[in-house]
Amino acid sequence: MVEANTSRLKERPLSPHLQIYRPMLTMVMSIVHRLTGAALYFGMLLLVWWLIAAAAGPNAYATVQWFMETLVGRLILFGYTWALIHHMLGGIRHLIWDLGYGFGPAEREWLTVATLVGSVGLTVLLWLVGYLLMGGIR
Amino acid sequence: MSETAPRSLRTPLGRVRHLGSARSGTRHFWNQRLTSVANVPLTIALVLIILGLLGRNHAAVVQILGSSFVALTLLLFVVSSIYHMWLGMQVIIEDYVHDETLKIVSLMANTGFCFVVGFAAVFAILKLSFGL
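Okay, so let's go over this structure. (Residues numbered from 1 in each chain as written. Chains lettered and ligands numbered in written order. Predicted model: local features only at pLDDT ≥ 70, side-chain atom pairs only at ≥ 80, totals over all residues.)

## Things to note about the overall build of chain A
Stage number 1. Each helix and strand in chain A was counted, giving five helices and zero strands.
Stage number 2. In chain A, the succession of α and β elements from N to C terminus is α-α-α-α-α.
Stage number 3. Counting the 138 residues in chain A, one finds 21% classified as buried.
Stage number 4. Looking at chain A alone, contacts between residues at least 24 apart form 68% of all its contacts between residues at least 6 apart. (Helix = DSSP H or I, 4+ residues; strand = E, 2+ residues; numbered from the N terminus. Buried ≥ 20, exposed ≤ 12 C-beta atoms within 10 Å, placed from the backbone. Contact = placed C-beta atoms within 7 Å.)

Written as structure tokens, this is what we have:
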């Protein structure tokens, strides 16, 4: 019995993992949620640097302001803003799922798309408000 | 059922290795969710505070950051976020770092990073508030 089944058993994928599945939006966004979380982990250094500089005095604060105004600084800040909003919206989506809602095929796709559209939209909106109404980084 | 039947569901191998329940139940999961819920309003507040600081000079920024309501909001954001990211990075390390020594070192580094960054932020906010 056992020997007869051996050849057939070998054909099976024993432990289906990431490379077996076609990338789906919910799966990609789950990975992005973890990536943005890890990015925000190190992004906290930026916030702390800013707070310490503000507490240290005008010279230290001027250095932070100079860095934020550079192209690299702006790109990092823009990425930080998106990662923060995206992780927050993704977190809300996960809380909805934790409560047992939104698991239908259409619902979970809709929720995932809303997270992506919402995070990009809100980030652009925040930066527009920041530049047009508040005068931007200076 | 003989008299030598095990009284526990744990396997003999598991007992020898001393690996099993950490006796913390779902506390880790729960605290991750608790801080995530707290982080939603706190993050919105942080973004609004930073938006309001754009274009202001150092003196104005210090005055606003040091005011009671803003400082308290920042403190809550930092404490809740640092705890949240401490738990989150722990899960990432446990998922991907399989070498036992490297895993323990990574978990310690995670704790160290969060304490250093967290206390630095708290210290800065308190310094801004009390103007020491």
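## Remarks on the nonpolar core
Stage number 1. Core analysis: the biggest nonpolar cluster contains 36 residues, and Met-44, Leu-51 and Ala-54 of chain A together with Leu-65, Met-85, Ala-121 and Leu-128 of chain B have the highest contact counts within it.
Stage number 2. At the level of elements, α2 (25-56) and α4 (71-98) of chain A together with α2 (27-53), α3 (58-66), α4 (68-96) and α5 (100-130) of chain B are the ones that each hand at least two residues to this core.
Stage number 3. Sorting elements by how many residues they give to this core places α2 of chain A first, with 10 residues.
Stage number 4. Beyond its immediate stretch of four places on either side in the chain, Met-44 of chain A contacts Ser-81, Met-85 and Val-117 of chain B. (Core = buried A, V, L, I, M, F, W, Y, C linked by C-beta atoms within 7 Å.)

## A short note on α2 of chain B
Stage number 1. End to end, α2 of chain B covers 37 Å across 27 residues, agreeing with the expected 39 Å (1.5 Å per residue, within 8%).
Stage number 2. Considering bend angle alone, the principal kink of α2 of chain B is centred on Asn-39 of chain B and spans about 35°; proline Pro-41 of chain B follows within four residues of it.
Stage number 3. Looking only at α2 of chain B, the buried set comprises Thr-35, Ser-36, Asn-39, Leu-42 and Leu-46 of chain B.
Stage number 4. Residues of α2 of chain B that are buried make contact with α4 of chain A together with α4 of chain B.
Stage number 5. Downstream of α2 of chain B by a residue or two, Gly-55 of chain B has a phi angle that is positive, lying close to 80°. (Expected span 1.5 Å × (residues − 1). Bend = angle between axes of the 7 residues up to and from the residue.)

Such coordinate-based values are descriptive only and should not be taken to indicate function.
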